[in-house]
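As a plain string of letters, each chain reads:
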Amino acid sequence: MCGIIGVIGHEDVSSEIINGMTTLQHRGQDAAGVVMFNGNFRLKKGNGHVNEVFKDIDFKTLKGNCGLGHVRYSTLGSTDAVDAQPIAVNYPYGLAMVHNGNVINFKELKKTLYEEHHRLLDTSNDVALILYTFASELERKDLKHLKVDDIFDTVQEVQRKVKGAYSALTIIAKRGILAFSDPYGIRPLVMGKKYTDQGVVYAFASESSTFDYLGYEMMRDLRPGEMIFIDNNHHVYERIGEKKQQAFCVFEYIYFAREDTKIHNRLVATERVRMGKKLAETFKETGLQPDIVIDVPNSAYFFASGLAENLGVPYRRGLAKNYHMGRSFITPNQEAREKMVKQKLNPIKDIVQGRKIAVVDDSIVRGTTSKRIIKMLRAAGAKEVYFVSASPPIKYPCIYGIDMSVKKEILASNYEISEIAHYIGADAVVYQKLEDLQELYKDLPICHACFSGQYPTGVTKEILEDIEREKMESNRV
Ligand code: AMP
């Protein structure tokens, strides 16, 4: 999972891009990078948070009226800075790209790129597969008289060849900026605009909260298979390319996106309250009577408040959080993650002592977080602890960019709910029901592959094995 931003304006937009990237920081903290176009590409990227990577930046070296930014959460591939995004090529055309998502048929694409186009990859980042496929297809066009239709035909060919989830932004040197989505619209991408004295400025970003901060008016979400090209004269062209039924990643609402972001006209905070309220129905079936509902900060707050409201039980903040730590899951391996949970959370004793507590988190994946939290709550005197997961049991790996590890490490793919309760030390575990989640999203077709194993793009056993192998090899579990 990653965050992306692209802007095409009239004067230098580099500081706007970097500032915008800080609002996407929750989407990835491994690396950050920017490419600006000003007759030439200017590229700067490195490992770490946006503020670290761009701490000593001399803006004179990074100017341009058009640029792209990326924050990285590596799911596959190495965590080396050279494998960060953006990446650029000069042949057959000056092109630079960022993307958010995950390419699944990487083996096949690598082979085709080499055998048919004599291109070797010089990075393990899957954006290279998209960019090189795009470049190879573009090469077939009349580059001297490149038309917008040629660009769109090229994207459409990419959509046919590249399988997986991708929301991508591309600078086409001296021509403009291009945004496109995979045929299923799995990952979010929104378009916005604002007016300056020089005229209209357009931007694309993974989340609408970036626009709130930068003062853009939110225009709309990209649709499945859609491509939008904005030329240097700020004319906007659109086409729907390869299109399938949408399969928007519901985990964006559950965990990933910021609460003040709107995707597909739904505010994330409101979605979480709705899910929390729905959870109350399942919770009531257990007959359990908690004294208070608490959340695992931060992403679970809205679920917890919705659950508490519908249970008629007070909500309290029962865990204090050290806000200066990153997200524990977005750390590249298990050892680092375990250490981080301890550093990050501490029970608020008077709130939890002697009480029966329903503690809500967005999900249980390996059980690392829940196990530690329950241990802490008991040590602080909690009488009983019911662990509530806002998402249904995660049983299958995500192959579209959310790092959920390999199947053998995913708790619910190997154990029943009662065994999970025992493993994490809870008096009970309550999960959202998949059918309830589907009911909440009957107007927006969602990807629920991590709960159901139904991968919308289709996937072969071989591809699943390839992905698992890559994860193991790149020490991602
Ligand atoms: P685990 O400790 O392995 O059970 O993971 C669950 C915790 O990690 C929860 O507290 C979530 O907030 C967080 N989380 C779950 N899934 C993800 C993900 N794919 N990426 C980042 N964080 C996640």
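The numbering scheme is per chain: residues are counted from 1 as the chain's sequence reads. This being a predicted model, a pLDDT of at least 70 is required before a residue's local features are given, and a value of 80 or more before pairs of side-chain atoms are given or counted; all residues contribute to the totals for chains, interfaces and linings. Excluding hydrogens and water, the side-chain figures rest on all heavy atoms present in the structure.

## Structural notes on the nonpolar core
And step 1. Phe134 and Phe180 are the most contacted members of the largest nonpolar core, which totals 90 residues.
And step 2. Broken down by element, this core gets its largest block of residues, nine residues, from helix H4 (residues 127-138).
And step 3. Where each domain starts and ends follows an automatic or database-derived domain assignment. Here this core spans two domains, since at least three of its residues come from each of domain 1 (3-246) and domain 2 (265-448).
And step 4. Contact between two residues is taken to exist if any of their heavy atoms lie within 4.5 Å; hydrogens are not considered. The residues contacting phenylalanine 134, other than those within four sequence positions of it, are Leu95, Met97, Ile151, Thr154, Val155, Val158, Ile172 and Leu178.
And step 5. The term nonpolar core refers to a set of buried residues drawn from Ala, Val, Leu, Ile, Met, Phe, Trp, Tyr and Cys, joined through side-chain atoms within 4.5 Å. Each residue's exposure class comes from its accessible area (1.4 Å probe, protein chains only) as a fraction of the maximum for that residue type: buried when under 20%, exposed when over 50%, partly exposed otherwise. Among the nonpolar cores identified, the runner-up in size contains 26 residues, and Leu319, Ile364, Leu377 and Leu411 belong to it. Helix and strand assignments come from DSSP, with helices taken as H or I runs of at least 4 residues and strands as E runs of at least 2, each series counted from the N terminus.

## Side note on the sheet that holds strand E5 (residues 87-89)
And step 1. Between any two strands, at least two bridges found by DSSP are needed for them to pair. Here six strands make up an open sheet; going across it, the order is E5-E6-E7-E8-E12-E13 and the pairing antiparallel. Each edge of the open sheet is held by one strand with a lone partner, namely E5 and strand E13 (236-240). Going across the sheet, the axis of each strand differs from the next one's by a mean of 15°, ignoring polarity.
And step 2. Relative to strand E12 (residues 226-231), strand E8 (residues 176-181) is paired through five bridges, and the arrangement is antiparallel. Note that in E12 the partner of isoleucine 177 across the bridge is isoleucine 230.
And step 3. To obtain each axis, a line is fitted to C-alpha atoms, and for helices this fit is confined to the stretch in contact; angles are then taken between N-to-C directions over 0 to 180 degrees. H4 contacts E5, strand E6 (95-103), strand E7 (164-172) and E8 of the sheet and is inclined by roughly 130° relative to E6.

## A word on H4
And step 1. Multiplying 1.5 Å by the helix residue count minus one yields the expected span of that helix. The terminal C-alpha atoms of H4, which comprises 12 residues, lie 16 Å apart, in line with the 16 Å expected from a rise of 1.5 Å per residue.
And step 2. Burial analysis of H4 places 12 of its 12 residues in the buried class, the great majority of the element.
And step 3. Buried residues of H4: Val127, Ala128, Leu129, Ile130, Leu131, Tyr132, Thr133, Phe134, Ala135, Ser136, Glu137 and Leu138, and no others.
And step 4. The inward-facing, buried residues of H4 contact E5, E6, helix H3 (106-117), helix H5 (148-161), E7 and E8.

## Examining the side chain of threonine 23
And step 1. When you line up the elements, threonine 23 lands in the loop between helix H1 (14-22) and strand E2 (31-37).
And step 2. One polar contact links the side chain of threonine 23 to the main-chain carbonyl oxygen of glycine 20, over a distance of 2.5 Å.
And step 3. Polar contact is defined as a pair of N or O atoms within 3.5 Å, subject to the rule that within protein one atom must be able to donate a hydrogen and the other to accept it, and that residues adjacent in sequence are counted only when both atoms are side-chain atoms. Here threonine 210 takes part through its side chain, which lies 2.9 Å from a polar atom of the side chain of threonine 23.

## Quick word on the domain arrangement of the protein
Often the size quoted for an interface is simply the accessible area lost on bringing the parts together.
And step 1. Segmentation of the protein into domains returns domain 1 (3-246) and domain 2 (265-448).
And step 2. In this assembly, 16 residues from domain 1 lie in contact with 13 residues from domain 2.
And step 3. Note on definitions: buried area is the accessible-area loss of two parts on being combined, 1.4 Å probe, summed for both. Buried surface at the junction of domain 1 and domain 2, summed over both partners, amounts to about 1300 Å²; 59% is from carbon and sulfur atoms.
And step 4. Ranking the residues of domain 1 by area buried against domain 2 places Gln29, Tyr73 and Gln246 at the top, with a combined share of 36%.
And step 5. In the sections that follow, a salt bridge refers to a side-chain nitrogen of Lys or Arg positioned within 4 Å of a carboxyl oxygen of Asp or Glu. On inspection of domain 1 and its partner domain 2, the count reaches zero salt bridges.
And step 6. Counting the contacts that link domain 1 with domain 2 gives three residue pairs in polar contact (both at pLDDT 80 or more).
And step 7. Of all elements in the fold, only E6 and E7 reach the threshold of two or more residues within the side of domain 1 that touches domain 2.
And step 8. Its residues placed into classes, the side of domain 1 that touches domain 2 shows four nonpolar, nine polar and three charged. Note on residue categories: nonpolar means Ala, Val, Leu, Ile, Met, Phe, Trp, Tyr, Cys or Pro, charged means Asp, Glu, Lys or Arg, and polar means any other residue, Gly included.

## So, the pattern of salt bridges
Pairing between side chains becomes possible if they bear opposite charge and their charged atoms approach one another.
And step 1. Following the criterion strictly, the structure yields 32 salt bridges and no others.
And step 2. Among the salt bridges present, the one from aspartate 427 reaches arginine 378, with a minimum N-O distance of 3.0 Å. With aspartate 427 in the loop between helix H14 (417-424) and strand E22 (428-431) and arginine 378 in helix H12 (residues 368-379), this pair connects stretches of sequence that are 49 residues apart.
And step 3. Looking at aspartate 427, the relative accessible area reads 41%, which means it is partly exposed.
And step 4. Looking at arginine 378, the relative accessible area reads 32%, which means it is partly exposed.
And step 5. Ionic pairing is found between glutamate 465 and lysine 461, a salt bridge with its closest N-O pair at 3.3 Å. Residue glutamate 465 and its partner lysine 461 are located together in helix H17 (residues 461-473), separated by four residues, close to a single helical turn.

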